[in-house]
Amino acid sequence: MPTWTIVVLCAAGAVGFFVLGMSLTLMIKGHPIDSEISTNKNMQRLGIKCAVQETREADGTADCAPDTAQPGCTGNCGACDIQHKE
């Protein structure tokens, strides 16, 4: 059997194993895995922050004032406003 065939079969098997694992997780838990920092309560509880938020806090450019019309940091980091949600 040629080497490229073995590589392709191994890659297809790995993808199939991943799809099976994700499907079983979805069926058992009843919801997809929540890997987003901005919505995962366990990550928030542990104090994990996104890199954008940590950089802004270190630079002093974080705009996380709860009294603004749209609380949270400006930009694409959804985790910045988690501390201000009630």
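Residues numbered from 1 in each chain as written. Predicted model: local features only at pLDDT ≥ 70, side-chain atom pairs only at ≥ 80, totals over all residues. Heavy atoms only, no water.

## Notes on the overall build of the chain
Across its full length, the chain holds three helices and zero strands. Overall, the chain shows an N-to-C arrangement of helices and strands of α-α-α. Taking all 86 residues of the chain together, the buried fraction comes to 15%. In the chain, 29% of the contacts between residues at least 6 apart in sequence involve partners at least 24 apart. Of the roughly 6600 Å² that the chain leaves accessible, carbon and sulfur atoms contribute 63%. (Helix = DSSP H or I, 4+ residues; strand = E, 2+ residues; numbered from the N terminus. Buried < 20%, exposed > 50% of the residue type's maximum accessible area, 1.4 Å probe, protein only. Contact = heavy atoms within 4.5 Å. Areas by Shrake-Rupley, 256 points an atom, 1.4 Å probe, with all protein chains shown as cover.)

## What about a nonpolar patch on the surface?
Taken together, Val 15, Phe 18, Val 19, Met 22 and Ile 33 make up a surface patch of nonpolar side chains, about 480 Å² in accessible area. On the secondary structure map, Met 22 appears in helix α1 (residues 3-29). (Patch = residues over 30% accessible without salt bridge, like charges linked within 9 Å, V, L, I, M, F, W, Y side chains within 5 Å. Salt bridge = Lys/Arg side-chain N within 4 Å of Asp/Glu carboxyl O.)

## As for α1
Across its 27 residues, α1 extends 39 Å between first and last C-alpha, which sits within 8% of the 39 Å expected from 1.5 Å per residue. Of the residues one or two after α1, Gly 30 is the one with positive phi, at around 85°. (Expected span 1.5 Å × (residues − 1).)

## Some thoughts on the side chain of Asn 40
Tracing the backbone through its elements, the reader meets Asn 40 in the loop between α1 and α2 (41-45). Since its relative accessible area comes to 13%, Asn 40 is described here as buried. Here Asn 42 takes part through its backbone nitrogen, which lies 2.9 Å from a polar atom of the side chain of Asn 40. Of note is the side chain of Asn 40, whose polar atom sits 3.2 Å from the backbone nitrogen of Met 43. (Polar contact = N/O pair within 3.5 Å; in protein donor to acceptor, adjacent residues only side chain to side chain.)

## Overview of the confidence of the model for the chain
Scored by pLDDT, the chain has a mean of 75; 70% of the residues are at 70 or more. Taken element by element, the chain is modelled with least confidence in helix α3 (residues 51-59), mean pLDDT 77, and with most confidence in α1, mean pLDDT 93. A low-confidence stretch, residues 66-76 stays under pLDDT 50, and its non-local contacts, those more than four residues away or across chains, total 20 contacts. Below pLDDT 50 for its whole length, residues 82-86 participates in seven contacts with residues either more than four positions away or in separate chains. (pLDDT = per-residue confidence, 0-100.)

## A short note on the environment of Gly 47
With respect to the helices, strands and loops of the structure, Gly 47 is situated in the loop between α2 and α3. For Gly 47, a relative accessible area of 45% translates into the label partly exposed. Between the C-alpha atoms of Gly 47 and Ile 37, which are ten residues apart in sequence, the distance is 9.9 Å.

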